[in-house]
Amino acid sequence: MDEWQSFTEQMERQTEIPGQLTFVPEDCITATAGLEQPSLQSNEMTLSDPHLISILLCILLHRFEGRLPESWLYDIVVVLGKISYFLYADACGFLLDNHLVISENTAQAGEQYILTPKGIASATNLRQYVPKLFRDRLMLTALRYVSRQKALKELKVDYEPDADGCFLCMRCMDRGQEMMSLRVHAPNRDAAILLCERILRNPARFFGKIIDLALQNEEEEYDLSDN
């Protein structure tokens, strides 16, 4: 019996996870709504069990078609998610050793982590063992990060300083061909970076609105009544 199967059976037998919050299945929340529950501030709650982090990694990979570049996963979980590198490394090693995830090197994306059928089953069947707060918080981080990375593949961003500030230069690319360019002057580089980050939140919507305005733009009406 491998380590993951042993862990899965242990999780199914118990309702309290050592060192974690008591596990209450989401389906049972309504049945216990009348009971007084201890309140914890979100900044007091930490995820420190490598097994639960392993489940969380499976959930993340499953959301993104079962694969992500390892560097993206590291940024999401460690850099932005503030989970310890050592816990992350233990969880990744656990997933690889138990064949829930396989590693594949590609010329374009480098090392990628790919979820196996066993990992998909874990993401589906064990997701509720990770408190929803952590699932939601890390998933939102992942969605924003992946969206930004995809946008940067289609945008070329440069900053050009001048005597009066800094220009933000953005070029929209499609299969290596430039489709649109934007050059905006900002009072300084920090302001240009802030403007770029705002555009990167939803670049398709931003540039789409520019096209829509151009297509709907009408000639100014002139008053000829006193001609």
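Cut-offs and rules
- Residues numbered from 1 in each chain as written.
- Predicted model: local features only at pLDDT ≥ 70, side-chain atom pairs only at ≥ 80, totals over all residues.
- Heavy atoms only, no water.
- Axes fitted to C-alpha atoms, helices over the stretch in contact; angles between N-to-C directions.
- Helix = DSSP H or I, 4+ residues; strand = E, 2+ residues; numbered from the N terminus.
- Parallel < 35°, antiparallel > 145°, perpendicular 65-115°, else oblique.
- Left-handed = near helix turned anticlockwise from the far one by under 90°.
- Contact = heavy atoms within 4.5 Å.
- Pairing = 2+ DSSP bridges.

A.B. asks: Looking at this structure, how should I read the packing of helix α2 (residues 50–63) against helix α4 (residues 85–97)?
C.D. replies: Angle between the axes and distance between the axes are the two parameters that describe a pair of packed helices. Relative orientation of the contacting elements α2 and α4 amounts to 70°, with a least axis distance of 8 Å. On the basis of their axis angle, the class for α2 and α4 is roughly perpendicular. Remark: the crossing between α2 and α4 carries right-handed chirality. Contacts between α2 and α4 involve Pro50, His51, Ile53, Ser54, Leu57 and Cys58 from the former and Leu87, Tyr88, Asp90, Ala91, Cys92, Phe94 and Leu95 from the latter.

A.B. asks: Would you explain the sheet that holds strand β1 (residues 67–69) in this entry?
C.D. replies: Within a sheet, adjacent strands bond to each other through the backbone by hydrogen bonds, running parallel or antiparallel. An order of β1-β3-β2 is seen for the three strands of this open sheet, with the pairing classed as antiparallel. With one partner strand each, in any of the chains shown, β1 and β2 (101–106) form the two edges of the open sheet. Going from strand to strand, the sheet's axes swing by 25° on average, the running direction of each strand aside. α2 contacts β1, β2 and β3 (110–115) of the sheet and is inclined by roughly 100° relative to β3. Sheet strands in contact with helix α3 (residues 70–80) are β1 and β3, and its direction is about 85° off that of β1.

None of the figures reported here should be taken as evidence of function without further support.
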